[in-house]
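Notes for the structure review
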Amino acid sequence: LFVTLTLMALAGCLQPTDTGSASVSVAGRWQYSGIQTGTSGGTMTGTLVIGHQSGPGFQGSLEVTSTSAETGEIRSAAGTVSGSATAASAIDFDVFLEEMPRRHVAQLTGNTLSGTWLRLPDGGVSASGTFIAHRISE
């Protein structure tokens, strides 16, 4: 009986407390840095702007300068951003810098977003890496 009651109490603690209706604010201007892993690696730096957030959904833009690790080539890119922030540990958004979006999955700690990104074409993962963004203004 003691074991059964203990297991029932633990099971109650494991139930999610988030109802899904709450959201966290990611609105503002962010300093963005990303790394592409693999043989064709490189770095990206720029500015992420989340200009509109309604509940968990948000939209914005990203402007980056990327540097190829292989060739040293530098190029600029800009695109739109859309995603959702349902909890500090559940932030995901798509960045459209090229034809295929880059899916970003992040965690928010204070004013820092950090996580991973990947680009999934029809044939599998064509690019992936990590990123970090620091909020510089709201």
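Details of the structure are given in the entry above.
These lines cover the structure that appears in this document, whether it is placed above or below. Owing to the predicted nature of the structure, the values given are computational and were not obtained by experimental measurement.

Rules used throughout
Residues numbered from 1 in each chain as written. Predicted model: local features only at pLDDT ≥ 70, side-chain atom pairs only at ≥ 80, totals over all residues. Heavy atoms only, no water. Phe/Tyr/Trp six-rings, centres within 6.5 Å; stacked < 30°, edge-to-face > 60°. Helix = DSSP H or I, 4+ residues; strand = E, 2+ residues; numbered from the N terminus. Buried < 20%, exposed > 50% of the residue type's maximum accessible area, 1.4 Å probe, protein only. Lys NZ or Arg CZ within 6 Å of the ring centre and 35° of its normal. 1 Å grid on protein atoms, 1.4 Å probe; cavity = no way out; pocket = protein on both sides within 12 Å on 5 of 7 lines; lining within 4 Å. Points joined across faces, edges and corners; volume = space filled by probe spheres on them. Nonpolar A, V, L, I, M, F, W, Y, C, P; charged D, E, K, R; others polar. Pairing = 2+ DSSP bridges.

A word on the packing of aromatic side chains
The tally for this structure, following the rule as stated, stands at three aromatic pairs. Seen in terms of ring centroids, Tyr32 and Phe131 are 5.7 Å apart; in terms of plane orientation they differ by 15 degrees. Their pairing is stacked. Here Tyr32, found in strand β1 (residues 28-36), pairs with Phe131, found in strand β8 (residues 127-137); they are 99 residues apart in sequence, far enough to count as distant. The same class applies to Tyr32 and to Phe131, which are both buried. By way of ring pairs, the aromatic residues Tyr32, Phe58, Phe93 and Phe131 are connected into one cluster. Taking the ring centre of Trp117 as reference, the NZ or CZ of Arg102 above it sits at 4.5 Å.

Concerning the layout of surface pockets
Put simply, the largest pocket is a space of about 320 Å³. As for the largest pocket, its lining consists of 20 residues, and the residues nearest its centre are Gln36, Ser66, Ser68, Arg75 and Arg102. Here the lining of the largest pocket takes four residues from strand β3 (residues 57-68), the largest share from any one element. Counted by class, the lining of the largest pocket contains four nonpolar, 10 polar and six charged residues.

Some points on the pairing of strand β6 (residues 102-109)
The side chains of a regular strand alternate between both faces of the sheet. The alternating pattern of β6 places Arg102, His104, Ala106 and Leu108 on a buried face, while none of Arg103, Val105, Gln107 and Thr109, on the opposite face, is buried. Bridge count between strand β5 (residues 90-96) and β6: five bridges; the pairing is antiparallel. Counterpart to Asp92 in the pairing with β6 is Val105. Here β6 folds back onto strand β7 (residues 112-119), and the loop between the two strands holds two residues, one of which, Gly110, carries a positive phi near 65 degrees.

Function-wise, these values are silent; they only describe arrangement.
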